[in-house]
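Listed below are the residues making up each chain.
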Amino acid sequence: MKRLLLLAALCAMASPVMAGSFFNSIEDRTAALAQQLQGKNDYYAYLAREYASIADEEKSQHDIGVADYFMTLAEQAAAKSGGAQ
């Protein structure tokens, strides 16, 4: 009984933390990134586009973990460019 309660509590606490990566697909994040970087041509915007391209390629090879990692790098580079949150 304690294990079940502990498992339920862990799942309830983990869902808000993990919701961003579960509910936003790589394609959605790439589209949002492209829209945010529209018209920007600096180094970080270029780097963000390259990382997003790599993420898309990795997803097409069914390596979701690596695709998510590269998409995170793309979003960080876009933030440095001034395009993301």
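Residues numbered from 1 in each chain as written. Predicted model: local features only at pLDDT ≥ 70, side-chain atom pairs only at ≥ 80, totals over all residues. Heavy atoms only, no water.

Focus: the pattern of salt bridges
Link 1 in the chain: Here the structure, examined in full by the defined rule, presents three salt bridges.
Link 2 in the chain: As a salt-bridge pair, K59 and E27 come within 3.3 Å of each other at their nearest N and O atoms. Of the two residues, K59 is situated in helix α3 (residues 43–60) and E27 in helix α2 (residues 26–36); the sequence distance between them amounts to 32 residues.
Link 3 in the chain: Looking at K59, the relative accessible area reads 25%, which means it is partly exposed.
Link 4 in the chain: Here E75 makes a salt bridge to R29, at a shortest N to O gap of 2.9 Å. Taken as a pair, E75 in helix α4 (residues 64–81) and R29 in helix α2 lie far apart in primary sequence, 46 residues in all.
Link 5 in the chain: Linked by salt bridges that have partners in common, R29, D68 and E75 make up one network. (Salt bridge = Lys/Arg side-chain N within 4 Å of Asp/Glu carboxyl O. Helix = DSSP H or I, 4+ residues; strand = E, 2+ residues; numbered from the N terminus. Buried < 20%, exposed > 50% of the residue type's maximum accessible area, 1.4 Å probe, protein only.)

Thoughts on the packing of α2 against α4
If you want to describe how two helices pack, look at the angle between their axes and the distance between the axes.
Link 1 in the chain: Contact geometry of α2 with α4 gives a least axis separation of 11 Å together with a crossing angle of 15 degrees. Classified by the interaxial angle, the pair formed by α2 and α4 is roughly parallel. In this structure, the crossing between α2 and α4 has a hand that is left-handed. Contacts between α2 and α4 involve I26, R29, T30 and L33 on the former and, on the latter, A67, D68, M71, T72, A74, E75 and A78.
Link 2 in the chain: Of the residues contributing to the contact of α2 with α4, the split by class is six nonpolar, two polar and three charged. (Axes fitted to C-alpha atoms, helices over the stretch in contact; angles between N-to-C directions. Parallel < 35°, antiparallel > 145°, perpendicular 65-115°, else oblique. Left-handed = near helix turned anticlockwise from the far one by under 90°. Contact = heavy atoms within 4.5 Å. Nonpolar A, V, L, I, M, F, W, Y, C, P; charged D, E, K, R; others polar.)

Things to note about the nonpolar core
Side chains of a nonpolar character, in soluble globular proteins, are inclined to be buried together.
Link 1 in the chain: Counting 14 residues, the largest nonpolar core has L33, L37, A48 and M71 as its most contacted members.
Link 2 in the chain: If you list the elements that add at least two residues to this core, you get α2, α3 and α4.
Link 3 in the chain: Ranked by residues supplied to this core, first place goes to α4 with seven residues.
Link 4 in the chain: Each residue touching M71, except ones within four places of it in the same chain, is listed here: I26, R29, T30, L33, A52 and A55. (Core = buried A, V, L, I, M, F, W, Y, C linked by side-chain atoms within 4.5 Å.)

Looking at the packing of aromatic side chains
Link 1 in the chain: Under the counting rule described, the total for this entry stands at three aromatic pairs.
Link 2 in the chain: On the numbers, 6.0 Å between centres and 45 degrees between planes, the contact of Y51 with F70 is tilted. Note that Y51 is positioned in helix α3 and F70 in helix α4, a separation of 19 residues in sequence.
Link 3 in the chain: Given a relative accessible area of 22%, Y51 falls into the partly exposed group.
Link 4 in the chain: A centroid spacing of 5.7 Å and a plane angle of 75 degrees characterise the contact between Y69 and F70, whose relative ring orientation is edge-to-face.
Link 5 in the chain: Joined through ring pairs, the aromatic side chains of Y51, Y69 and F70 make up one cluster. (Phe/Tyr/Trp six-rings, centres within 6.5 Å; stacked < 30°, edge-to-face > 60°.)

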